[in-house]
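What follows is the residue order along each chain.
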Amino acid sequence: MQEMKLSRTDLAKQSGIHLSEISRILNHKQSLSVCNLDVITLSLGLTEGALYSYFAEECFNVSRYLDKRKSEQFLYNCAVMGFEEQLHSILDAVLEERSKTIRNKNFVHIFAVAEQLFEEGKEEKALPLYEFIIENMPDHFSQEVAISYVRRFYIVRLTEEGQYALGHVLEHIAYMPEEFQELSYLLITATFFIREEWKKTLYYARKLEKIAREGEHYGRALVYQSLALQRLGSSLEEVLALIDRYEQVSDYYAGAAIGNRFCVFLDFGQFEYVDEYLNWLEGRDDMFAGLPRVLEAYVHLHRLEDVERLIYRFQDVIQDWAASIHPYQQQLYLRFRYAYALYHFASK
């Protein structure tokens, strides 16, 4: 302010903060909030976050506890805006605290910020905070640490670190609230399904069924069991029995059961259901997922013109599959290539 020759009145006018509040802040009679800091920074013509390096100490009270309101907003802003140095100034200060009670309390605030970021879809911004909690929280078997393992697994599950993260989730699953145990088993089951490890998919789907007992996760458990059993060579009757069970879970699963029955019939060689299946798929958001199966059925029925018609109709979708790095779309493309190879063989 002195360098810019600004008075308190000038600052109040430029920032929109009342003069009396400016005076209380500058006279150390009122603490400075992150919101006011951001407003003052902009009113001084500085870049956003330019004064953050001076704010870290403001986040702690006299007892060295993190102030909930200040610290959580400050940590959140630093994470979102990529101010790693300022973020670590807080985290380093938390680690320097010798009192286990104070440290645990401070970690709870850091965990709250990580959860906020995660819930807002900013998983990559939340990941360093979850890892900080995992590595440093004094009570290593707390719910916060256990949940942090789940969140980290979710974020990295499709990377090379996924298997390592999975092991930690299984170690800590007993210390999680029941809702996170359900979520963990769901993520683990889905991961093994994507990897096409059918025995493990079936094993964890059955664990999920036991803990969920009803609702969305219960339905998912039955779906994964039916898919795994089919790949493991179970009978048509066994698979259909599971479909009958999850059909009763909700309207959503009742609808899914219709399509999945068609899929099972086709996979067991009952190709006469293909046109009914295609009619059911028409207009659905997930229509493309059934395309490779329909193509295979048409080839087996020697309806090669229908194969050509569908390939031409969905050529853009097929190109998207070919370019995708997402495991599920890669699976769809591989299955399409198989159906296309069958078509070429049959056409010759």
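Since the structure is predicted, the reported quantities are computational estimates derived from the model, not experimental observations. Numbering of residues begins from 1 in every chain and follows the order in which that chain's sequence is written. Per-residue local features of the predicted model are confined to residues with pLDDT of at least 70, and side-chain atom pairs are confined, for both listing and counting, to 80 or more; whole-chain, interface and lining totals are unaffected and use all residues. Each side-chain value is worked out from all heavy atoms of the structure, with water and hydrogens disregarded.

What follows deals with the overall build of the protein chain. Of the regular secondary structure elements, the protein chain holds 19 helices and zero strands. Oriented by its inertia axes, the alpha-carbon framework of the protein chain measures out at about 85 × 45 × 35 Å. Out of the 348 residues belonging to the protein chain, those deemed buried represent 47%. Contact definition: two residues touch when any of their heavy atoms are within 4.5 Å. Put simply, 52% of the contacts in the protein chain that link residues at least 6 apart link residues at least 24 apart. Only carbon and sulfur atoms are counted for the fraction: they give 50% of the accessible area of the protein chain, which is about 18800 Å². Side chains of the protein chain carry 37 positive and 52 negative charges; the gap between the two charge centres is 4 Å. Strands are runs of DSSP state E lasting at least two residues, helices are runs of H or I lasting at least four, and both sets are numbered from the N terminus onward. For the exposure calls, accessible area comes from a 1.4 Å probe over protein chains only, and a residue counts as buried if that area is under 20% of its type's maximum, exposed if over 50%, partly exposed in between. Values of accessible area rely on a 1.4 Å probe in the Shrake-Rupley scheme; residue burial ignores everything except the protein chains shown. His is not counted here, nor are the chain ends, while Lys and Arg score as positive and Asp and Glu score as negative. Each charge is placed at NZ for Lys, CZ for Arg, CG for Asp and CD for Glu.

The next thing to look at is the packing of aromatic side chains. Pairing of aromatic rings covers Phe, Tyr and the six-membered ring of Trp, with a centre-to-centre limit of 6.5 Å; geometry is then stacked below 30 degrees between planes, edge-to-face above 60, and tilted otherwise. All chains considered together, the criterion is met by 23 aromatic pairs. Between F262 and Y273, the aromatic rings sit 6.3 Å apart at their centres with planes inclined by 50°, giving tilted as the arrangement. Here F262 is found in helix 14 (residues 251–267), whereas its partner Y273 is found in the loop between helix 14 and helix 15 (274–281), with eleven residues between them in sequence. Here Y273 falls in the partly exposed class, since its relative accessible area comes to 22%. Members of the aromatic cluster, each reached through a chain of ring pairs, are F262, F265, Y273, Y277 and W280.

Secondary-structure assignment places Q225 in helix 12 (residues 215–231). Residue classification places Q225 among the buried residues on the basis of a relative accessible area of 4%. Apart from residues lying up to four places away in sequence, Q225 is in contact with L202, A205, R206, E209 and L242.

With that out of the way, let us pick up unusual backbone geometry. One non-glycine residue with positive phi stands out, namely E196, at about 60°. With respect to the secondary-structure elements, E196 resides in the loop between helix 10 (178–194) and helix 11 (198–212). One non-glycine residue, H302, adopts positive backbone phi at about 60°. Tracing the backbone shows H302 in the loop between helix 16 (291–300) and helix 17 (304–313).

This next bit is on the packing of helix 16 against helix 19 (residues 327–347). Orientation is described by lines fitted to C-alpha atoms, with helices fitted over the stretch in contact, and by angles between N-to-C directions that extend from 0 to 180 degrees. Where helix 16 meets helix 19, the axes come as close as 9 Å, and the angle between the chain directions of the two elements is 15°. The angle between helix 16 and helix 19 places the two elements in the roughly parallel class. Seen from above, helix 16 lies across helix 19 with left-handed handedness. Residues P292, R293, L295, E296, V299 and H300 of helix 16 pack against L332, R335, F336, Y338, A339, L342, Y343 and A346 of helix 19. Taken together, the residues of the contact of helix 16 with helix 19 break down into ten nonpolar, one polar and three charged. By the definition adopted for this analysis, an angle is roughly parallel if under 35 degrees, roughly antiparallel if over 145, roughly perpendicular if from 65 to 115, and oblique otherwise. Should the near helix be turned anticlockwise from the far one by less than a right angle, the crossing is left-handed, and should it be turned clockwise, the crossing is right-handed. When residue character is reported, Ala, Val, Leu, Ile, Met, Phe, Trp, Tyr, Cys and Pro are called nonpolar, Asp, Glu, Lys and Arg charged, and the others, Gly included, polar.

Time to look at helix 5 (residues 84–96). In this analysis, the expected span of each helix is defined as 1.5 Å times one less than the number of residues it contains. Spanning 13 residues, helix 5 covers 18 Å between terminal C-alpha atoms, matching the ideal 18 Å at 1.5 Å per step. Along helix 5, the positions that sit buried rather than exposed are Q86, L87, I90, L91, A93 and V94. On an axial view of helix 5, the arc spanned by its buried residues comes to 155°, and they lie on one face. Summarising the geometry of helix 5, the exposed residues directed more than 90 degrees from the buried face are E84, E85 and E96. Here, the arc refers to the directions that run from the helix axis to the C-beta atoms.

Between helix 8 (residues 143–156) and helix 9 (residues 162–172), the shortest axis-to-axis distance is 9 Å and the interhelical angle comes to 155°. Relative to helix 9, helix 8 is oriented roughly antiparallel. Here helix 8 runs over helix 9; the crossing is left-handed. Residue-level inspection shows V145, A146, Y149, V150, R152, F153 and V156 of helix 8 in contact with helix 9, the latter providing G162, Y164, A165, L166, H168, V169 and H172. Here the residues of the contact of helix 8 with helix 9 are counted per class, giving ten nonpolar, three polar and one charged.

The subject of this paragraph is the environment of L166. Examined against the element boundaries, L166 turns out to sit in helix 9. Expressed as a C-alpha distance, the spacing of L166 and E48, which sit 118 residues apart in the sequence, is 38 Å. Beyond its immediate sequence surroundings of up to four residues, L166 is in contact with F153, I188 and F192.

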